[in-house]
Structures are given as C-alpha cells and as structure tokens.
Amino acid sequence: MSDETAGADTHDDTGVDGIRLGADEAGKGPVLGPMVAGAVRADPAVLPADVDDSKRLSAPRRETLAAELRADNRVATATAAVAVDEIDDPETDMNGLTVTAQVRALAAVAQSGDDAVVDAGDTSEARFGRRVADGLDDVTVHATHRADEHDPVVAAASVLAKVERDRRIDVIDARHDQPVGSGYPSDQTTRAFLADYVDREGELPPAARASWQTATDVLDAAAQSGLDEF
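What counts and what doesn't
- Residues numbered from 1 in each chain as written.
- Predicted model: local features only at pLDDT ≥ 70, side-chain atom pairs only at ≥ 80, totals over all residues.
- Heavy atoms only, no water.
- Phe/Tyr/Trp six-rings, centres within 6.5 Å; stacked < 30°, edge-to-face > 60°.
- Helix = DSSP H or I, 4+ residues; strand = E, 2+ residues; numbered from the N terminus.
- Buried < 20%, exposed > 50% of the residue type's maximum accessible area, 1.4 Å probe, protein only.
- Lys NZ or Arg CZ within 6 Å of the ring centre and 35° of its normal.
- Polar contact = N/O pair within 3.5 Å; in protein donor to acceptor, adjacent residues only side chain to side chain.
- Pairing = 2+ DSSP bridges.
- Right-handed = clockwise from strand over helix to strand, strands pointing away.
- Core = buried A, V, L, I, M, F, W, Y, C linked by side-chain atoms within 4.5 Å.
- Contact = heavy atoms within 4.5 Å.
- Salt bridge = Lys/Arg side-chain N within 4 Å of Asp/Glu carboxyl O.
- Axes fitted to C-alpha atoms, helices over the stretch in contact; angles between N-to-C directions.
- Parallel < 35°, antiparallel > 145°, perpendicular 65-115°, else oblique.
- Left-handed = near helix turned anticlockwise from the far one by under 90°.
- Nonpolar A, V, L, I, M, F, W, Y, C, P; charged D, E, K, R; others polar.

## Observations regarding the packing of aromatic side chains
Turning to step 1, where the next piece is worked out: Scanning the entire structure with this criterion turns up one aromatic pair.
Turning to step 2, where the next piece is worked out: On the basis of an interplanar angle of 50° and a centroid distance of 6.0 Å, the ring pair of Phe193 and Tyr197 is categorised as tilted. Of this pair, Phe193 and Tyr197 both sit in helix α7 (residues 188-201), four residues apart, which is roughly one turn of the helix.
Turning to step 3, where the next piece is worked out: With a relative accessible area of 1%, Phe193 lands in the buried category.
Turning to step 4, where the next piece is worked out: Between the NZ or CZ atom of Arg209 and the centre of the ring of Trp212, over which it lies, the distance is 5.0 Å.

As structure tokens, this is what we get:
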C-alpha cells in the first residue's frame, strides 16, 4: 500500500482560536494516475483572500497559491496519494479510497483536539465524516458536500491537491513520447495516448487504472482490431 505525503509543515499556534483543519481530494475520476488529497491546518483569517475551490482558479493562480500556502509558517500543509494499484484493488471502492486519501493528508498535519472540515466523498455526509474521524486520533470531523466552494480552509486544501495531482500527471507525461493529456476519460488526448500505447505494447501503461471502463474499452478495441486483421 502506498502512503506518500509531501509538503508537510508544522507551527506552534496550536492554542490559537480559529485554527482548524481542512481536506479535499483531486483525481477521483481520471483513468491515469493517482488520486491526491490535500490538507491544511490554519486560521482561515491568515489564508490568501482569493483562495477558492481549485476548479474556479486558473492553473497559474493555483500554482501561486500553493506556493504561498507552503511558504507561510502559519499554515501547515500536506498532500497524500492513493496509488493506481490501490485504486485497482477489487477489495476497495472509491468512497473508501477517498477516506483513505483524506486521512493520510490530515494525519500529517493534525494535532490532538483539532476540528476538521472535509469535502464529503459519499452521498452521506455524516457517514463520510465518521469514517475520516475513525482514521485520526482525537480529531472532530465535519463533512459537507462542496465544502471547497464555501470553506476557505477546504478550498486551500483543494488547491494543494489539484496542484500536486497535476504535477504527478506532468511526471507521467515526461515518461512518454506522446502527450498523455489530463488523464480524464473525456480527454481525447488521453484516449489517443492509451490506444496508441496498447497498440504498440500490447498492454496498458503502468499509470493507467486498469479497473476503469475506459481502460477496458481500449483493450477490447485493440483485441477486436487484432481479430479483424487476422
């Protein structure tokens, strides 16, 4: 099992009113690469004024915000990944993996007695919150849908998660001669990359989520093409 955290810092403001945790994840749906969660521990008042849900921000602004968050010693930050092999494990499901990702990120910055707000990755907010809390020591967790849209600490965590997820896709892209795209099934660049890779190599690339329908479709199409040629 992979448990990778990055960019974690701590500070001495544990007793200051207003400090709390936030967590969100990026990359639940792509066919390429890991899912990444971000966590922030801070007083919302010290966060950049324009921090927002990562989806509402341009890529350059996300990069700048992530750098600002990591450089501020009043803000503790962490990211954590759930690897492709974990996602493909038939004993797992995406709700559980989202819990795992958030717990890993939060655990890197949480302190005893903290309160956390997290973006709910389950239809039941209460159930998701309980599962995240069960993975942490003495942390109260409140889970809400679309928390990244209305809570600045969760929004900051969403920015960290998205920037780290994009960085990992860039690493995957650099390993190949052909662009891999965003990694999402709707991205024609990603679909073309998968099809061409399978055509050349006879198998999916290591970064692909083999359990995703898109990956299955690419393999089936390649197999059918081989039969037609025969």
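## Examining the side chain of Arg41
Turning to step 1, where the next piece is worked out: Here Arg41 lies in strand β3 (residues 35-42).
Turning to step 2, where the next piece is worked out: A distance of 2.8 Å separates a polar atom in the side chain of Arg41 from a polar atom in the side chain of Asp114.

## Details of the pairing of strand β5 (residues 115-119)
Turning to step 1, where the next piece is worked out: Counting buried positions along β5 gives four out of five residues, so the element sits mostly inside the fold.
Turning to step 2, where the next piece is worked out: As defined by bridge partners, strand β2 (residues 20-26) adjoins β5 across three bridges and the pair is classed as parallel. Paired with Leu21 across the strands is Ala116, a residue of β5.
Turning to step 3, where the next piece is worked out: Looking at chain direction, β5 and strand β6 (residues 140-144) are connected through five bridges and run parallel. By the bridge assignment, Val118 is partnered in β6 with Ala143.
Turning to step 4, where the next piece is worked out: Remark: the β5/helix α4 (residues 125-134)/β6 crossover connection has right-handed handedness.

## What about the nonpolar core?
Turning to step 1, where the next piece is worked out: Leu32, Leu106 and Val132 are the most contacted members of the largest nonpolar core, which has 42 residues in total.
Turning to step 2, where the next piece is worked out: Examining the composition of this core, we find that seven residues originate from one element, helix α3 (residues 94-107), more than from any other.
Turning to step 3, where the next piece is worked out: The residues contacting Leu32, other than those within four sequence positions of it, are Arg165, Ile169, Val180, Gly183, Thr190, Phe193, Leu194, Pro205, Ala207 and Ala208.

## Considering the pattern of salt bridges
Turning to step 1, where the next piece is worked out: All chains considered together, the criterion is met by 16 salt bridges.
Turning to step 2, where the next piece is worked out: Between Asp151 and Arg20 there is a salt bridge, with its nearest N and O atoms 3.0 Å apart. Note that Asp151 is positioned in the loop between α5 (147-150) and α6 (152-174) and Arg20 in strand β2, a separation of 131 residues in sequence.
Turning to step 3, where the next piece is worked out: Linking Asp53 and Lys55 is a salt bridge whose minimum nitrogen-to-oxygen distance equals 3.1 Å.
Turning to step 4, where the next piece is worked out: Judged by relative accessible area, Lys55 falls into the exposed class, the value being 62%.

## A few points about unusual backbone geometry
Turning to step 1, where the next piece is worked out: Phi at Asp138 takes a positive value of approximately 55°, unusual for a residue other than glycine.
Turning to step 2, where the next piece is worked out: Topologically, Asp138 is positioned in the loop between α4 and β6.
Turning to step 3, where the next piece is worked out: With a phi close to 60°, Arg146 is a non-glycine residue in the positive phi region.
Turning to step 4, where the next piece is worked out: On the accessibility criterion, Arg146 (54% relative accessible area) is exposed.

## Some words on the packing of helix α1 (residues 59-71) against α6
Turning to step 1, where the next piece is worked out: It is the contact of α1 with α6, at a shortest axis distance of 9 Å, that shows an interaxial angle of 115°. Relative to α6, α1 is oriented roughly perpendicular. α6 is crossed by α1, and the crossing has left-handed handedness. For the pair α1 and α6, contact is made by Arg62, Glu63, Leu65, Ala66, Leu69 and Arg70 and by Ala156, Val159, Leu160, Lys162, Val163 and Asp166, respectively.

## Quick word on the packing of α3 against α4
Turning to step 1, where the next piece is worked out: Where α3 contacts α4, the axes come no closer than 9 Å and their chain directions differ by 45°. It follows that α3 is oblique to α4 by the angle criterion. Seen along the crossing, α3 lies across α4 with a hand that is right-handed. On α4, the residues that touch Asn95, Gly96, Thr98, Val99, Gln102, Val103 and Leu106 of α3 are Phe128, Arg131 and Val132.
Turning to step 2, where the next piece is worked out: In the contact of α3 with α4, the residues fall into five nonpolar, four polar and one charged.

Any functional reading would require information that these geometric values do not contain.
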